[in-house]
Amino acid sequence: MSTSTTVDALGAAVPVLSFSPVVLSVPGRPVDLQVRVSAPATGTSLPVILFSHGHGPSNNLSSLNGYAPLASFWAAHGFVVVQPTHLTSSTLTHLVADAPGAPDFWRSRAEDMTHILDRLDVIENAVPQLAGRIDHTKVALAGHSLGGFTAALLLGAGLTDPDTGNVVHLVEPRIKAGVLLAAPGRGGDVLNGPMAELWPIIGAVDFSTMTAPALVVVGDNDDSRHFTDMGPDWHADSYTLAPGPKTLLTLFDAEHGLGGIAGYDAAETTDENPERVAVLSQLTAAYLHTQLHPGTSTWQIACEALTAGLDPAGRVESK
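To start, this report covers the structure provided alongside it. (Residues numbered from 1 in each chain as written. Predicted model: local features only at pLDDT ≥ 70, side-chain atom pairs only at ≥ 80, totals over all residues. Heavy atoms only, no water.)

### Re the pairing of strand β4 (residues 80-84)
Summarising burial for β4: five of the five residues are buried, a large majority. Residue alternation in β4 divides its side chains into two sets, Val 80, Val 82 and Pro 84 and Val 81 and Gln 83, and both sets are buried. Of the pairings in the sheet, the one linking strand β2 (residues 33-40) to β4 comprises four bridges and is antiparallel in character. By the bridge assignment for β4, Ser 38 is matched with Val 81. Two strands pair when backbone bridges link them, and strand β3 (residues 46-52) and β4 are joined in this way by three bridges, in the parallel orientation. Bridge assignment links Leu 50 to a residue of β4, and that residue is Val 82. Considered for its hand, the β-α-β crossover made up of β3, helix α2 (residues 68-76) and β4 is right-handed. (Buried < 20%, exposed > 50% of the residue type's maximum accessible area, 1.4 Å probe, protein only. Helix = DSSP H or I, 4+ residues; strand = E, 2+ residues; numbered from the N terminus. Pairing = 2+ DSSP bridges. Right-handed = clockwise from strand over helix to strand, strands pointing away.)

Structural data, given as structure tokens:
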């Protein structure tokens, strides 16, 4: 499988500046909001990717310190990547276990991204050599697993608040497009695994109002039996149940870790595959580049290079 064409389409990789923590005080939040910012060392009018981490078994990957394989690639190819530590992070459990919204902090996770956008100028000026280089009108969002759930809310999905029964919308109109990586799917009768009672919020999402453009990424071996017996198709619900424009990328042989995106050589990755991570990094960067720069052919070139031919990494469909 050749990936050189895709890299050419995205431009040559440049050195990355990664700076953390940038600390934002948020009224009512039990601890300060801390973020990591990764940016290319050169370039101006840089688009932004907000990244929402998942809720994995490791202590530190579900924080601003995780997902370096993705964040580093995106930053090396022209994006400013902002990664908050959500209140669900294991690094904060001892501080927030009894805070309102625990343990899932579904509202706080989404609000973290709104706080970041509200103070993007503060973040930009806090990072050395970044001031004046960000295009504040070009903002995208990505999230893995529980982060994909958070991304769905910010992209327009509704959620039935389990405490009040009211439908809540936390859509963030400043976000132009998103990437949902191994995100949870629908609720109802299909949410029948042992984790369903512990995380009922997962089944409370309504994808029918998620109108923003999004790339939904699933692994065809990502069988989350702890939530459902639907099989890997459950993770495609944010594509199948949401209105267009949406694109579905199915990665062949991938499991929930999608080859190892949560961290380099992470033991929790059940399908360690550096080539798969490289392909995913390129396809997600290409998709968001084209979404934020309409009319460019980056996504088309990437798809032709990586999902066509004799040894495709996956398949793509759109609506």
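Let us keep going from here.
### Some details on the packing of helix α4 (residues 106-118) against helix α6 (residues 146-154)
Where α4 contacts α6, the two axes come as close as 9 Å, and the packing angle between them is 65°. Relative to α6, α4 is oriented roughly perpendicular. In terms of crossing hand, the pair formed by α4 and α6 is right-handed. Packed against α4, whose contacting residues are Trp 106, Arg 109, Ala 110, Met 113 and Thr 114, the element α6 presents Leu 146, Gly 147, Phe 149, Thr 150, Leu 153 and Leu 154 at the interface. Across the contact of α4 with α6, the residue classes break down as seven nonpolar, three polar and one charged. (Axes fitted to C-alpha atoms, helices over the stretch in contact; angles between N-to-C directions. Parallel < 35°, antiparallel > 145°, perpendicular 65-115°, else oblique. Left-handed = near helix turned anticlockwise from the far one by under 90°. Contact = heavy atoms within 4.5 Å. Nonpolar A, V, L, I, M, F, W, Y, C, P; charged D, E, K, R; others polar.)

### Regarding the layout of surface pockets
Quantified by volume, the largest pocket comes out at close to 530 Å³. Along the walls of the largest pocket sit 28 residues, with His 55, Gly 56, Ser 145, His 226 and His 256 positioned nearest its centre. Residue classes in the lining of the largest pocket are distributed as 13 nonpolar, 14 polar and one charged. Considered as a void within the structure, the second largest pocket measures approximately 410 Å³ in volume. Along its surface, the second largest pocket is lined by 22 residues, and Pro 100, Gly 101, Phe 105, Arg 107 and Ser 108 are the ones closest to its centre. Broken down by class, the residue content of the lining of the second largest pocket amounts to 11 nonpolar, four polar and seven charged. (1 Å grid on protein atoms, 1.4 Å probe; cavity = no way out; pocket = protein on both sides within 12 Å on 5 of 7 lines; lining within 4 Å. Points joined across faces, edges and corners; volume = space filled by probe spheres on them.)

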